[in-house]
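Topology and contacts: notes
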Amino acid sequence: MVGKPQITLSSLDYERLQRLLEKDGPSFAGRDALEAELDRADVLEPKDMPANVVTMNSTVRFTIVETGKTSTLQLVYPKDVDGSAEKVSVLAPVGIALLGLSVGQELPMPSPTGHVTVRVDAITWQPESAGELHR
């Protein structure tokens, strides 16, 4: 893959993530990666978000391309991580990679073995398309 795919964020998610970065300062490993994603994102109002984009609190099915392993996770803010296997923090490498991607897009992310590529296969639930614009 050449370059990173364009990503889209809702203005609500963008503002909350910016506040999270301000609050947490340099205290987490993925800070630079998350900042880079926010800097390159197209920002839309929640009502204008396409249904095929991974937004905060979306449930997304994705594949690690190199292994073929498919997972389904809900992308959540750190305060909503409860230890369940169904949720991933936006501060985790896979959370940062998934944020703002559309179905079919791929993005490399760091892994213990170097880098792997995450591909969004489907969004099984998205707050904006469910009418939850201010969650």
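Structure shown above.
Described below are features of the structure shown in this document.

Definitions and cut-offs
Residues numbered from 1 in each chain as written. Predicted model: local features only at pLDDT ≥ 70, side-chain atom pairs only at ≥ 80, totals over all residues. Heavy atoms only, no water. Salt bridge = Lys/Arg side-chain N within 4 Å of Asp/Glu carboxyl O. Helix = DSSP H or I, 4+ residues; strand = E, 2+ residues; numbered from the N terminus. Buried < 20%, exposed > 50% of the residue type's maximum accessible area, 1.4 Å probe, protein only. Pairing = 2+ DSSP bridges. Arc of directions from axis to C-beta. Axes fitted to C-alpha atoms, helices over the stretch in contact; angles between N-to-C directions.

Considerations on the pattern of salt bridges
All chains considered together, the criterion is met by 7 salt bridges. A salt bridge links Glu37 to Lys4; the shortest N-O distance between them is 3.4 Å. Of the two residues, Glu37 sits in helix α2 (residues 31–40) while Lys4 sits in the segment before β1 (8–10), which places them 33 residues apart along the sequence. Relative accessible area serves as the criterion here: at 51%, Lys4 is assigned to the exposed category. Asp80 is the salt-bridge partner of Lys79, the closest N and O atoms lying 3.2 Å from each other. On the basis of relative accessibility, which here comes to 25%, the residue Asp80 falls in the partly exposed class. By sharing partners, the salt bridges in this structure join Lys4, Glu37 and Arg40 into a single network.

Some words on the pairing of strand β7 (residues 114–125)
Pairing of strand β3 (residues 59–64) with β7, which is carried by 6 bridges, proceeds in the antiparallel orientation. Bridge pairing in β7 links Phe62 to Val120. Looking at chain direction, strand β6 (residues 106–111) and β7 are connected through 6 bridges and run antiparallel. Across the sheet, Pro110 pairs through a bridge with His115, a residue of β7.

Notes on unusual backbone geometry
Even without being a glycine, Asn57 presents a positive backbone phi close to 75°. Looking at the element boundaries, Asn57 is found in the loop between β2 (42–44) and β3. For Asn57, a relative accessible area of 13% corresponds to the buried category.

Description of α2
Among the residues making up α2, those that are buried are Arg31, Leu34, Glu37 and Leu38. Seen along its axis, α2 keeps its buried residues to an arc of 130°; they face one direction. Relative to its buried face, α2 has exposed residues pointing more than 90 degrees away, namely Asp32 and Asp39.

Focus: the sheet that holds strand β5 (residues 87–89)
The sheet built from 5 strands is open, its strands ordered β5-β4-β3-β7-β6 with mixed pairing. At either margin of the open sheet sits one strand with a lone partner, and together these are β5 and β6. Direction aside, the axes of adjacent strands within the sheet are offset by 45° on average.

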